[in-house]
Amino acid sequence: MQIVTDKQAVGQSVSRSEDPRLLRGDGRYTDDINLPGQAHAFVLRSAHAHGIIRAIHLDAALAMPGVAAIYTGVDLQAAGYGPLPCLLPLKSHDGSPLMVPENPALAIDRVRYLGHPVAAVIADTIAEAKDAAEAIRLDIEELPAVADVEAAAAADAPQIWPDIPGNICLDFHAGDFAAVDAAFAKAAHVSRLKILNNRQVVAAMEPRAAVAEYGTQDGRFTLHVGCQSTFGMKGSLANKILNVAPEQVRVRTYDVGGSFGMKSPVYPEYVAILHAARCLERPVKWCDERSGSFTSDQHGRDSVVEAALALDENGNFLAARVDGLANMGAFLSTVGPNVQSGNIFKNLPGVYKTPAIAVTTKCLFTNTTPISAYRGAGRPEANYYMERLVDLAARETGRDPLALRRINMIPRQAMPFTSASGQPYDSGDFPTLLSRCVELADWHGYDAREAASRAKGKLRGRGLACYLEVTAPAGKEMGGVHFEEDGTVSLITGTQNYGQGHASAFAQVLADQLGLPFDSIRLMQGDSDRLLVGGGTGGSRSIMASGAAIVAVSAQVIEKARHLAAQKLETAVEDIQFEGGKLGVVGTDRSIDLLELARSPEGLAGDLNSALAIDTPPSTYPNGVHICEVEIDPETGTARLDRYILVDDFGTLVNPLLVAGQVHGGIVQGIGQALMEHAIFDGQGQLLSGSFMDYALPRADQVPDIQFEDHPVPATTNPLGVKGCGEAGTTGALPAVMNAVVDALAEFGIRHIDMPATPEKIWKVINAAA
């Protein structure tokens with residue numbers, strides 16, 4: 001793919017700027033950071049899922065060679081650090097606030113999940129730290145544990161927190177319950193399903209790591225860490241945990257090898273090594289290992305719901321309802337409770353004109369790793385619930401699944417449209433996307449493919465899913481432009497790249513706005529010291545937030561340039577016109593190039609440099625249609641995806657190549673959850689799928705060719721007309737794949753199978769039905 005240098009770069013497929021560097025092995029990840037005199041940290045974790053800490057015996061470990069210090073929760077508490085925060089303003093339906101138990105970085109009185117950090121060993125080498133950790137003797141009185149969310153809701157379940165009865169931290173209700181009840185009462189048909197949303201290990205390619213520094217002269221903390229928002233992490237550390245002024249904390253992020261939501265919050269290890277760096281007056285480095293990350297990284301998903309859809313005699317959707325139990329793990333992550341409550345409510349209506357919905361979610365504590373955002377964070381689940389219900393309703397009422405969707409879709413002419421969850425859809429052409437995807441998928445040629453599969457002794461199924469997701473809401477973001485002496489231009493913004501390709505996409509926007517050569521633009525991210533504000537990357541928000549900030553700061557640059565050009569060209573500011581990277585006097589051939597102006601004495605003095613903070617645009621509503629086909633071997637239960645076609649509306653595509661990459665990655669993660677991935681705990685909270693020997697990830701040979709086409713309907717709520725794309729692939733993949741699996745098994749009378757549809761599970765249901 002040729003690198004584009006044309007100033008009109010938006011809309012062209014441009015390779016990721018960082019790829020050559022990364023392919024050469026020149027990436028700089030957190031584990032590549034090594035500072036003079038640094039010590040190494042190893043975190044000792046609980047082997048029990050629930051227990052009372054009677055004693056932590058450290059004497060033998062402290063006497064080990066190379067050991068500089070060992071810190072426990074008592075030490076961090078004595079230093080005055082606050083707990084890891086969850087600040088969501090959620091309330092239960094009775095008006096009571098979200099119950100948030102204190103979450104100290106290291107356990108103090110109890111351990112509450114397998115892998116709960118208990119002590120941080122600091123030594124000259126990592127080997128010495130590990131050896132010392134083995135010499136620590138933990139005296140823990142084991143208590144009964146509960147890992148399953150339905151078991152945690154039982155009246156006789158072990159109580160994770162004595163002051164939180166029933167393990168319930170939130171009893172969320174949203175929607176028009178009276179209207180929903182009335183609709184169900186008069187419905188001609190109601191389809192109902194109990195659906196499991198299986199727990200996921202995030203398994204980013206790069207394990208978490210961090211290096212902490214403390215300035216003895218200025219009393220300033222610096223944390224080098226892979227994260228999604230340096231500005232946000234700085235704020236959490238300073239204001240909620242370290243209890244220092246924000247200017248006393250600096251967070252730096254370099255290349256990040258994947259995150260998907262997991263690396264967003266402050267983790268216990270970061271607090272421990274910051275404390276160690278201050279006490280020891282030397283840098284301290286910590287790097288997780290893959291085995292540790294299975295329990296130390298926050299997990300995703302994990303809920304079970306009862307979902308229902310009411311229809312009238314003509315197939316019109318009257319109402320939908322979802323009642324769920326959501327597993328929070330032992331503590332509340334930064335955003336965990338909102339994923340399976342508010343996000344389910346927002347996203348449940350999807351592309352349909354369903355007039356009424358209702359959602360209830362009880363968020364419960366268990367003795368498991370805390371749950372947080374994972375690619376989509378409630379959006380894939382809500383669409384999965386709705387699309388499974390739609391397919392089931394079509395089968396139960398004898399309707400064609402295409403026709404049923406078409407009569408319930410919001411037509412383009414109805415835009416703008418307010419959904420049953422109150423979301424103001426500004427744009428979309430859902431029926432056209434459905435028709436185009438059906439055409440690309442050769443819908444009417446399916447019977448021949450099904451017959452060919454049957455001739456080979458295989459089952460074949462076809463899955464259709466129409467999705468819409470609500471991206472992150474409005475916030476704050478920064479745009480900054482700095483003209484450098486070497487002729488390059490630094491672009492500064494507070495989102496954070498961790499695989500998305502921001503450097504290319506954002507440069508395309510700036511090149512388009514200012515007429516700059518694409519190759520002259522350098523993206524500056526990952527340093528909280530350079531940011532006025534920064535919303536970070538998450539919720540598929542980056543191109544809307546940073547894109548709008550780039551447009552705004554470009555206007556500021558142009559206005560400054562007009563004044564400077566007026567001086568240079570000896571004319572009035574009103575006579576200066578900016579176009580295509582040049583500032584010219586109207587009606588003459590006199591002009592000066594923007595970069596030439598930047599190299600003038602005034603430009604070099606910083607007169608053109610600009611920075612501002614904006615209120616970012618509201619949520620956007622990316623949408624699309626996925627159709628896939630699956631073959632199942634009834635003798636083994638193995639499901640193989642054979643075809644995958646999708647048509648999406650992401651509004652204006654800044655970089656189609658990067659969008660396609662995001663979509664492909666999201667689909668593969670959806671395939672993983674649908675067919676193989678499941679983090680399983682036993683009844684005592686022990687993780688049974690604690691390595692890649694027991695936790696399967698999708699491989700290249702398990703993914704078919706993915707045919708992606710875009711049908712853009714530009715958003716009207718942001719200056720670029722863009723809609724988020726980072727999580728949409730997963731959102732469409734879950735229902736498409738599972739609808740295909742159920743379709744293949746329908747001849748056995750099977751109406752539903754839960755994720756993951758593993759060979760064992762499929763084989764069992766086939767044989768049970770037979």
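Preceding this paragraph is the structure being described.
The sections below set out a description of the structure shown in this document. (Residues numbered from 1 in each chain as written. Predicted model: local features only at pLDDT ≥ 70, side-chain atom pairs only at ≥ 80, totals over all residues. Heavy atoms only, no water.)

Using a probe with the size of a water molecule, rolled over the atoms, empty space left in the structure can be pinpointed. Evaluation of the coordinates by the stated rule reveals four cavities of 30 Å³ or more. In this structure, the largest cavity encloses a volume near 190 Å³. Space inside the second largest cavity adds up to approximately 40 Å³. Lining the second largest cavity are R388, D391, L392, R395, V742 and R751. Per element, the largest residue contribution to the lining of the second largest cavity is four residues, and it comes from helix α12 (residues 379–397). The residue makeup of the lining of the second largest cavity, split by class, is two nonpolar, no polar and four charged. (1 Å grid on protein atoms, 1.4 Å probe; cavity = no way out; pocket = protein on both sides within 12 Å on 5 of 7 lines; lining within 4 Å. Points joined across faces, edges and corners; volume = space filled by probe spheres on them. Helix = DSSP H or I, 4+ residues; strand = E, 2+ residues; numbered from the N terminus. Nonpolar A, V, L, I, M, F, W, Y, C, P; charged D, E, K, R; others polar.)

In this fold, T731 is placed in helix α21 (residues 728–745). Of note is the side chain of T731, whose polar atom sits 2.7 Å from the side chain of E469. (Polar contact = N/O pair within 3.5 Å; in protein donor to acceptor, adjacent residues only side chain to side chain.)

Space inside the second largest pocket adds up to approximately 730 Å³. Contributing to the lining of the second largest pocket are 26 residues, with R21, A503, L523, M524 and Q525 lying nearest its centre. Of all elements in the fold, only α16 (502–514) and β21 (521–524) reach the threshold of two or more residues within the lining of the second largest pocket. Here the element with the most residues in the lining of the second largest pocket is β21; it accounts for four residues.

Take the packing of α12 against α21 next. For the pair α12 and α21, the least separation of the axes is 8 Å and the interaxial angle reads 30°. As judged from the angle between their axes, α12 and α21 are roughly parallel. Classified by chirality, the crossing of α21 by α12 is right-handed. Within the contact between the two elements, α12 uses R379, P380, N383, Y384, E387, R388, D391 and R395 and α21 uses T730, T731, L734, P735, M738, N739, V742 and D743. Here the contact of α12 with α21 is built from residues that sort into six nonpolar, four polar and six charged. (Axes fitted to C-alpha atoms, helices over the stretch in contact; angles between N-to-C directions. Parallel < 35°, antiparallel > 145°, perpendicular 65-115°, else oblique. Left-handed = near helix turned anticlockwise from the far one by under 90°. Contact = heavy atoms within 4.5 Å.)

The next point concerns the sheet that holds strand β2 (residues 51–57). Spatially, the three strands line up as an open sheet ordered β4-β2-β6, and their pairing is antiparallel. Each of the sheet's edge strands pairs with one partner strand only, and the pair in question is β4 (110–111) and β6 (137–142). In this structure, β2 lies alongside β6, joined through six bridges in antiparallel fashion. The residue of β6 that forms the bridge with I53 is I140. (Pairing = 2+ DSSP bridges.)

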